2 protein chains.
Amino acid sequence: MYIENLKVVDCTIRDGGLMNNWNFDDDFVKTVYKSCVEAGVDYMEIGYKSSEKAYSRKENGPWKFCDEADIRRIVGDNKTKTKISVMIDIGRIELDAIKPKKESAIDMIRVACYVHQIDKAIQHAEHCLDKGYEVCINLMSVSKVIEPDLDEALRDIAKSRVQTFYLVDSFGSLYSDHIESLMAKYTTALPGKQIGIHAHNNMQMAFSNTITSIKCGATMVDATFLGLGRGAGNCPMECLIAFLKNPKYRLLPILEGIQKKVHPLEKEIQWGYHIPYMISGSMNEHPKDSLEWMDSDNRNDFMSFLRKMHDKEVLE
Amino acid sequence: MYIENLKVVDCTIRDGGLMNNWNFDDDFVKTVYKSCVEAGVDYMEIGYKSSEKAYSRKENGPWKFCDEADIRRIVGDNKTKTKISVMIDIGRIELDAIKPKKESAIDMIRVACYVHQIDKAIQHAEHCLDKGYEVCINLMSVSKVIEPDLDEALRDIAKSRVQTFYLVDSFGSLYSDHIESLMAKYTTALPGKQIGIHAHNNMQMAFSNTITSIKCGATMVDATFLGLGRGAGNCPMECLIAFLKNPKYRLLPILEGIQKKVHPLEKEIQWGYHIPYMISGSMNEHPKDSLEWMDSDNRNDFMSFLRKMHDKEVLE
């Protein structure tokens, strides 16, 4: 499927960091960066940019904060075609701490928000835009947003100067019908803007939902090496690159990063499809209960987890 | 998605047996059977029916042969709504060895064939039909069949008395566009017949392709507990049942079978998504090379496997 203006965004470190508090060593991050550059990946999201007033350095590694010096240690002056992205959360960053683009190795700042924060997200994004960055807004947990609220958010985005808006399946609960319906709504409400997709793999739908989004007009697509990410993980980069068959991208460097760093990490941390994540996804619930369950000694007691989640349907 | 005439076919023992030569103990098979019955699964495919002239009892467990006595030991007289299915391969079974339905616990016989065997497959299926069984034909490796051959096969099926025909993604190489195209072809060529889907998970598309097939009119769908099956495995039954949300089916008994028997089996045999299977799937190749690679000490050398598969594209 050849789509000239498609952009692939690697989120391995940023989303994967949710599983190890962003404690990747430099060699790991450098390997992912080198793989992205050689594979032709358009953006590498290297972490969250956060304030130390919001998060402790003791509990979180450098990629929760993305200091300029830390990024430079990995990418130098980044004289490559792969742009560097960071994500910010509303209320976890002081906007004044963001330098002008010309003093930063960062190219794109993505603002993650819930629907009630959309005005703040636009303010944050336009602030970064004015400092010279590419920006985009990722509206999380859309599977819980009722239509009037979503329509209002889309009207606000349409009026803003923000050029890119993301469909985010935070709970891994969306099937292809949902994706088609939401993509139709997004593209209709936001003519001339770029739509992105960020999928989770609770129900083994992340890659398929990414393809569906592309068919529906998404031109910015998130993926991670071997699907590394919170809980069930993300759309696997290797599947996406193999699917695209676009000469701009190469699979072998992705496999190199997986082979050297990401696959060996499976011995230390567990992510990917597991029954508790499937249950929370299929029930359209936040993965926090399934993540807790997977961290407990009961992780393989799938029946009890289903009963716990269905506690109000006692005759199930 | 409520579809009144949908039938779910469990293939855990039959397809999973490809990974352990059908050496499941009785307790394992009984647990899967009990789960299927309690979950409302319409058919349980308990194995292959094969001749001992084709396969050795030394190398293969009972579910490669499906003797009547073995089946009865599991299902008794099977006074349940779950029907029992077996698969036969062309040239690996003597038709005279198949008893009349009234003497057997088997309800359905599925004939697996390649496109050049379609006439033999129809002969086999109609032979079984005349003995009183439900029958269907599973055309394997359709991702390698060119259109004139496929059209001829479909014309032959259309003229036959065989009521059910399967879309089988043997190599796990089909994306949703392929499924939509093939389903359109099958439903157009076979008016009044039932279409089934059997998917493999090489590219994490098995469940999604199953959903796509259902949306395109498939009414018989194969799945296995925790996706157990050859290589990357199959459409996971738990995802399918959670998706269907049909009061006819229950998820909890499926989780019971997984928790008690199928999940613990992961300590002994490996199946499911792995990079070598993804590579062979994305290249539309038979999984035999990736299966061999996964059985070797090189299993985690993904780069070398890609290079081996791409050996003709030396500059890749």
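Structural data are supplied above this passage.
Residues numbered from 1 in each chain as written. Chains lettered and ligands numbered in written order. Predicted model: local features only at pLDDT ≥ 70, side-chain atom pairs only at ≥ 80, totals over all residues. Heavy atoms only, no water.

## Some thoughts on the pattern of salt bridges
Part 1 of the argument: For the structure on display, the rule yields 52 salt bridges over all chains.
Part 2 of the argument: Taking the shortest distance from any N to any O, the salt bridge between K185 of chain B and E147 of chain B comes out at 2.9 Å. Pair noted here: K185 of chain B is in helix 6 (residues 176-189) and E147 of chain B is in helix 5 (residues 147-159), with a separation of 38 residues, a long-range link.
Part 3 of the argument: Judged by relative accessible area, K185 of chain B falls into the partly exposed class, the value being 21%.
Part 4 of the argument: Relative accessible area serves as the criterion here: at 49%, E147 of chain B is assigned to the partly exposed category.
Part 5 of the argument: One continuous salt-bridge network, built from bridges that share partners, spans R14, D15, E45, R110 and D222 of chain A. (Salt bridge = Lys/Arg side-chain N within 4 Å of Asp/Glu carboxyl O. Helix = DSSP H or I, 4+ residues; strand = E, 2+ residues; numbered from the N terminus. Buried < 20%, exposed > 50% of the residue type's maximum accessible area, 1.4 Å probe, protein only.)

## Things to note about the interface of chain B and chain A
Part 1 of the argument: With 40 residues of chain B at the contact, the number on the chain A side is 40 residues.
Part 2 of the argument: Together chain B and chain A conceal approximately 3600 Å² of surface at their shared face, both sides included; 64% is due to carbon and sulfur atoms.
Part 3 of the argument: Linking chain B with chain A are four salt bridges.
Part 4 of the argument: When the shortest N-O distance is used, the salt bridge between E180 of chain A and K215 of chain B registers 3.9 Å.
Part 5 of the argument: The tally of links from chain B across to chain A stands at 13 residue pairs in polar contact (both at pLDDT 80 or more).
Part 6 of the argument: Of all the secondary-structure elements, those providing two or more residues to the side of chain B that touches chain A are helix 6, helix 7 (206-215), helix 8 (237-244), helix 9 (252-265), helix 10 (275-282) and helix 12 (302-309) of chain B.
Part 7 of the argument: The biggest single contributor to the side of chain B that touches chain A is helix 9 of chain B, with six residues.
Part 8 of the argument: Looking at the side of chain B that touches chain A, its residues break down into 22 nonpolar, eight polar and ten charged. (Contact = heavy atoms within 4.5 Å. Buried area = accessible area lost by both parts, 1.4 Å probe. Polar contact = N/O pair within 3.5 Å; in protein donor to acceptor, adjacent residues only side chain to side chain. Nonpolar A, V, L, I, M, F, W, Y, C, P; charged D, E, K, R; others polar.)

## Comments concerning the pairing of strand 6 (residues 164-168) of chain A
Residues and elements named next belong to chain A.
Part 1 of the argument: The buried count for strand 6 comes to five of five residues, which makes it a mostly enclosed element.
Part 2 of the argument: Side-chain alternation along strand 6 places T164, Y166 and V168 on one buried face and F165 and L167 on a second face that is also buried.
Part 3 of the argument: When strand 5 (residues 134-139) meets strand 6, the two strands line up parallel, connected through three bridges. Residue I137 lies in a different strand from strand 6, and its bridge partner there is F165.
Part 4 of the argument: The β-α-β motif built from strand 5, the intervening helix 5 (residues 147-159) and the parallel element strand 6 has right-handed crossover chirality.
Part 5 of the argument: Where strand 6 and strand 7 (residues 194-198) come together, five bridges link them in parallel fashion. Bridge assignment links L167 to a residue of strand 7, and that residue is I197.
Part 6 of the argument: Since strand 6 and strand 7 lie parallel, the crossover through helix 6 (residues 176-189) that links them has a hand, and here it is right-handed. (Pairing = 2+ DSSP bridges. Right-handed = clockwise from strand over helix to strand, strands pointing away.)

## Remarks on the environment of A189 of chain A
All names here are of chain A.
Part 1 of the argument: Here A189 shows up in helix 6.
Part 2 of the argument: The class of A189 is partly exposed, set by a relative accessible area of 27%.
Part 3 of the argument: Along the backbone, A189 and D42 are 147 residues apart, and their C-alpha atoms lie at a distance of 26 Å.
Part 4 of the argument: With near-sequence residues (within four places) excluded, A189 lies in contact with L154 and A158.

## Describing the relation of the copies chain B and chain A
The relation between the two chain copies is a rotation about an axis coupled with a shift along that axis.
Part 1 of the argument: Overlaying chain B on chain A yields an RMSD of 0.0 Å, the required transformation being a rotation through 180° with an accompanying axial translation of 0.0 Å. Taken together, the turn and the small shift mark the pair as related by a two-fold rotation axis.
Part 2 of the argument: A shared interface surface links the copies, since 100% of the contact residues of chain B are contact residues in chain A too. (Least-squares fit on C-alpha atoms with pLDDT ≥ 70 in both.)

## Observations regarding unusual backbone geometry
Residues and elements named next belong to chain A.
Part 1 of the argument: In this structure, C66 is a non-glycine residue whose phi angle is positive, near 55°.
Part 2 of the argument: Its location among the elements puts C66 in the loop between strand 2 (43-48) and helix 3 (68-75).
Part 3 of the argument: One non-glycine residue, S141, lies in positive phi territory at about 55°.
Part 4 of the argument: Examined against the element boundaries, S141 turns out to sit in the loop between strand 5 and helix 5.

## Brief notes about the packing of helix 10 of chain B against helix 11 (residues 288-295) of chain B
Residue and element names in this part refer to chain B.
Part 1 of the argument: It is at 9 Å that the axes of helix 10 and helix 11 come closest, and there the two elements cross at 165°. Classified by the interaxial angle, the pair formed by helix 10 and helix 11 is roughly antiparallel. Pair helix 10 / helix 11 crosses with right-handed handedness. Within the contact between the two elements, helix 10 uses P276, Y277 and S280 and helix 11 uses S290, L291, W293 and M294. (Axes fitted to C-alpha atoms, helices over the stretch in contact; angles between N-to-C directions. Parallel < 35°, antiparallel > 145°, perpendicular 65-115°, else oblique. Left-handed = near helix turned anticlockwise from the far one by under 90°.)

## Observations regarding helix 8 (residues 237-244) of chain A
Part 1 of the argument: Extensive coverage of helix 8 of chain A is indicated by the burial of eight of its eight residues.
Part 2 of the argument: For helix 8 of chain A, the set of buried residues is M237, E238, C239, L240, I241, A242, F243 and L244 of chain A.
Part 3 of the argument: In this structure, the buried residues of helix 8 of chain A make contact with strand 1 (7-10), helix 7 (206-215), strand 8 (220-223) and helix 9 (251-265) of chain A together with helix 10 of chain B.
Part 4 of the argument: Looking one or two residues past helix 8 of chain A, K245 of chain A carries a phi angle of roughly 50°, positive in sign.

The analysis is restricted to geometry; functional conclusions fall outside its scope.
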